[in-house]
Amino acid sequence: MKTDIAFGQYCEGDSILHRLDPRAKILLAVLYIVVIFMAKSATAFGLLLLFSIGLVLVSGIPVRIVLNSMKPLTFIIVFTAIINIFWMTGDTLLFQLGFVKVYLEGIINALLLVLRIMLLLICTSMFLTYTTTPISLTDGLEQLLSPLKKLHVPVHEFSMMMTIALRFIPTLIEETEKIMNAQKARGADFSQGSIVRRAKALIPILVPLFVSAFRRADELATAMECRCYTGGEGRTRMNVLKYKGSDLLAIGAVVLLGAAVVLLNLYLPGYSLTL
Amino acid sequence: MSEVIRVENLCYSYPEDEGTPAVPALKDVSFSIEEGSFTAILGHNGSGKSTLAKVLCMICQPDSGKLFLHGKEMTAEDITDADIMKARREIGMVFQNPDNQIVATVVEEDVAFGCENLGIPSDEIRRRVDEALEIVGMTRYARHQPHKLSGGQKQRIAVAGTIAMKRKVIIFDESTAMLDPLGRKEVMDTIIRLNREDGITVLMITHYMNEAALADRIIVMNRGEILKDGSPNQVFGEPESMWEAGLDVPQTTELLYRCRQMGYNVPLDVFDTDECARIIAQAVLNQEGRD
Amino acid sequence: MTVAGVELKNVTYIYNKGTPYEAKALDNISLQIPGTRITGLIGHTGSGKSTMMQLINGLLKPTSGEVCIDGRNIWDEPKKIREIRFKAGLVMQYPEHQLFAETVEEDIAYGPKNMGLSGEELHKRILDAAAFSGLDPALLPKSPFELSGGQKRRVALAGVIAMKPQILILDEPAAGLDPGGRREILGGVKRYARESGTNVIIVSHSMEDMALYCDDLAVMSAGKILMYDTCAAVFSRAEEMLAVGLDVPQVTGVAFALAKHGVDIGKDVYTVDWAADKLAEFGKTIRTEDKINI
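Scoring rules and cut-offs
- Residues numbered from 1 in each chain as written.
- Chains lettered and ligands numbered in written order.
- Predicted model: local features only at pLDDT ≥ 70, side-chain atom pairs only at ≥ 80, totals over all residues.
- Heavy atoms only, no water.
- Helix = DSSP H or I, 4+ residues; strand = E, 2+ residues; numbered from the N terminus.
- Rg over C-alpha atoms; globule rule 2.2 N^0.38 Å.
- Buried < 20%, exposed > 50% of the residue type's maximum accessible area, 1.4 Å probe, protein only.
- Contact = heavy atoms within 4.5 Å.
- Areas by Shrake-Rupley, 256 points an atom, 1.4 Å probe, with all protein chains shown as cover.
- Lys, Arg positive; Asp, Glu negative; His and termini not counted.
- Charge placed at Lys NZ, Arg CZ, Asp CG, Glu CD.
- Salt bridge = Lys/Arg side-chain N within 4 Å of Asp/Glu carboxyl O.
- Polar contact = N/O pair within 3.5 Å; in protein donor to acceptor, adjacent residues only side chain to side chain.
- Patch = residues over 30% accessible without salt bridge, like charges linked within 9 Å, V, L, I, M, F, W, Y side chains within 5 Å.
- Pairing = 2+ DSSP bridges.
- Domains from an automatic or database assignment.
- Buried area = accessible area lost by both parts, 1.4 Å probe.
- Nonpolar A, V, L, I, M, F, W, Y, C, P; charged D, E, K, R; others polar.
- Expected span 1.5 Å × (residues − 1).
- Core = buried A, V, L, I, M, F, W, Y, C linked by side-chain atoms within 4.5 Å.

J.: Teacher, can you tell me more about the overall build of chain A here?
T.: Per the secondary structure count, chain A includes eleven helices and two strands. Its helices and strands in sequence order give chain A the pattern α-α-α-α-α-β-β-α-α-α-α-α-α, from N to C terminus. Its C-alpha radius of gyration of 25 Å places chain A more than 25% over the 19 Å reference for a compact globule of 275 residues. Reported as C-alpha extents along the three principal axes, the dimensions of chain A are approximately 70 × 55 × 35 Å. Counting all 275 residues of chain A, 43% fall into the buried class. Of the contacts formed within chain A by residues at least 6 apart in sequence, a portion of 76% connects residues at least 24 apart. Carbon and sulfur atoms make up 73% of the accessible area of chain A, which totals about 14800 Å². In chain A, 25 positive and 18 negative side-chain charges are present, and the distance between their average locations comes to 4 Å.

Put into structure tokens, the structure is as follows:
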């Protein structure tokens, strides 16, 4: 259903990854990104690849979906690969096509860089987008950043805005569809004519949509006031996030992984990334 | 029985706006609401009933007149924001558009919203939310996304949010207007149960005559003034003045009224179809009250 | 004759076909709605009413089957579907939410302009449409956003009437209005239907309104047409209506109960006026019988 867009790429599930505390997952994602950037040697990358495949298997999310999520990045991946293969110089010349020289180092570099992009993608989707609902991500972020409240950073306000946005996206999508249908019934045509004409054709949709959004905002503000909302001050939460043993274990595992990557970089540096 | 709300000589005008003159919405309105009562406020669009609701939950400040909540004057000079916040803890409001009063993306989180604002401890909120969902019969939907529920279900969620805050007075501002008949019935059943079983004081603004007939008392508003104030029997017993105010009466009353015009001596205050039929049959068969 | 008839031939409509959310909204429906009648479409939320409306004016394309207007399948030439939409005007639920123009006049003109009208003809249509929907011409140069809720709805209605559709479809035209407002809007629609000879289809949940303003009723349940007949005939089958969870007008309920109490004024009574007339008649017969007995 179209209205599910608001819930992004979240895949329903009950794996260990799904059940981890959202704060832990945000930390894990950050840590894992750091580890990925630390990796230099092919062996280190190999280890990370194994670990990432493990993550996908544990999450229970179909491999097909994970691979599909990489489609939009195909261009960047191919581009990175080509640049590295054809422009990088090294010691081992493999072959030469006219003025283009292809070195072994170039190919290795291309492979490892592509792998790095893919690992980054798998990591964010496994820890964050695929296994955590946007709303618990918002909650996690709010609580992680709550120390910043002392510095007068409006952490609660941002997270409230995020929550309300998530709540109303499906409603507004539905509304857009309704308004589009209503104007189509009056002969609106959104698919013909020049760009200017098409842009103009959107006015009968955008104006009512804005009017309605403002009306909703106004009514929602009144409703929130009637429910005693006065901002973050003195507010409690029904669902308080609590770190569990598994959260600590997961963070420990990624820290260990980082250590292993450093060791592999040092002692098995063969075919390293040179960039 | 103690009174929970009292208003005295309330006046309110919408301010002038770009050439449109100030519109008086409330003119010298006075009444009081007893604890545990079920009052319907009827009136056509623009009769001042929604303005009244806004004044009662302190979103609008009246131009003149007094508003008492639990005996405390909320319109006094020395009332602070803190006093208003405190008074708001007692009065809940369920609005017309079910979509525009739900804040959270999960049903139980939304029910918890008000309690969270009050700073109630987590485990206490959990207990209250579960209980409130049980009362409105929505326990099954606790983990659902609100936008996928029907209008009637969304309104029951809003009611649950109010009960969870332990509010003893709920104002329904045309809460059934946007619902289909099933949704309306769901909400009306919930309102009646809350009033009868949990002793919640209900003030219900509506323009459905059949819903108003279920209340103990009906206040009819017309052009910012109270036109009538009495039991459904008294109010619908004089259909002419209701029609004059652009309102209707239930069809049973209308039919009985026509029977009266034919010369039958029948009461007008019957809202049940079976009872209405019994009375008419008796009158017609016995040619009661006719020469 | 400009009066258009609508015919649905074995129409099935499935939402999200081929996805896990697949749902059948209409299930092999055949229905012929002749012109010059006001037809009420009743049924629960989700019974397929809205789908049917959108199929008739070409917003949706049937999964299988044919929707015909004036005997011609509206999807014969998919490129001309816009013309069908002018022919079968649709007023959606809460149509005041679709107003967008700077003035009332411009908003009403949107549809006719899309049809390619301009100048004198356009102006005349706007005035006619405003008059039919009970809109004061003095409001035409105003912004639609300054108007009251009831007035806004009339502007939206006028916006569709100005296209002079041969079929006018209205989804809950009186939703959220008070009794006076309901009477004005629905009375206006009825007057328009009679004077212009337009085929009108009204969707509403209010049986009392339907009884007052419609000639025929089509009752839908779970994607099928349960009944299609005159108001009197449909409401006289009150038991079947109640069985699928639909109401009948309160006065029909009284008429049913009256029969049980020995006063049979017919089960097809659906307005208070009618019931009162029948009761007066019944009273007369009783009095004459009494006289004979004496």
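The structure having been displayed, the exposition proceeds.
J.: When you look at the interface of chain C and chain A in this model, what are you seeing that I'm missing?
T.: Across the contact, 23 residues belong to chain C and 19 residues belong to chain A. Where chain C touches chain A, the interface holds one salt bridge. Between R186 of chain A and D107 of chain C there is a salt bridge; the shortest N-O distance is 2.9 Å. Seen at the junction of chain C and chain A, the total is four residue pairs in polar contact (both at pLDDT 80 or more).

J.: Honestly, a nonpolar patch on the surface in this entry has me stumped. Any pointers?
T.: All names here are of chain A. Residues V30, V34, M38, V262, L263, L266, Y267 and L268 make up a contiguous nonpolar surface patch of about 760 Å² in total accessible area. Every element with two or more residues in the nonpolar patch is listed here: α2 (22-38) and α11 (245-267). In terms of residue count, the dominant contributor to the nonpolar patch is α11 (four residues). In this fold, M38 is placed in helix α2. Residue class for M38 comes out partly exposed when judged on its relative accessible area of 30%.

J.: I keep staring at the pairing of strand β1 (residues 93-97) of chain A and nothing clicks. Help me out?
T.: Moving residue by residue along a regular strand, the side chains alternate between the two faces of the sheet. In this structure, β1 of chain A lies alongside strand β2 (residues 100-103) of chain A, joined through four bridges in antiparallel fashion. The residue of β2 of chain A that forms the bridge with L93 of chain A is Y103 of chain A.

J.: I tried to follow the domain arrangement of chain C on my own but got confused; where do I start?
T.: Residue and element names in this part refer to chain C. Examined at the domain level, chain C breaks down into domain 1 (6-234) and domain 2 (249-294). Looking only at domain 1, the three residues that lose the most surface to domain 2 are E208, A211 and A232, adding up to 69% of its buried area. Across the domain 1-domain 2 interface, the total number found is zero salt bridges. Considering every element that reaches the side of domain 1 that touches domain 2, the biggest residue donor is helix α7 (residues 207-213), with four residues. Among the residues making up the side of domain 1 that touches domain 2, the classes are represented as five nonpolar, no polar and one charged.

J.: What am I meant to see in α2 of chain A here?
T.: An α-helix turns once per 3.6 residues; consequently, residues spaced three or four apart project the same way. All names here are of chain A. In a regular helix each residue adds 1.5 Å, so 17 residues correspond to 24 Å; α2 covers 24 Å between its end C-alpha atoms and thus fits that length. Regarding α2, the residues found buried are P22, R23, A24, K25, I26, L28, A29, Y32, V35 and I36. As for α2, its buried residues are in contact with α1 (16-19), α3 (42-59), α6 (104-129), α7 (134-145) and α11. Its side-chain oxygen placed 2.7 Å from the backbone nitrogen of R23, D21 serves as the N-cap of α2.

J.: For this particular structure, what's the right way to read the nonpolar core?
T.: In terms of nonpolar packing, the biggest core is built from 53 residues, with I108, F235 and M241 of chain C touching the most fellow members. At six residues, the largest contribution of residues to this core is made by helix α5 (residues 149-161) of chain C. When sequence neighbours within four positions are dropped, the list of residues in contact with M241 of chain C reads I42, M207, V219, M227, V234, F235, L246, D247 and V248 of chain C. If you look at the next biggest cluster of nonpolar residues, it comprises 51 residues, including V136, I157, V187 and A212 of chain B.

J.: Please clarify how the pattern of salt bridges should be interpreted in this entry.
T.: It is possible for side chains bearing opposite charge to pair when their charged atoms get close. For the structure on display, the rule yields 44 salt bridges over all chains. Residue D229 of chain B is joined to R217 of chain B by a salt bridge in which the shortest nitrogen-to-oxygen separation is 2.9 Å. Placement of the pair is D229 of chain B in strand β10 (residues 225-230) and R217 of chain B in strand β9 (residues 217-222), with a sequence separation of twelve residues. For D229 of chain B, a relative accessible area of 40% gives the class partly exposed. Several salt bridges converge on common partners, so that one network encompasses D139, E142, R235 and R237 of chain A together with E109 and E116 of chain B.

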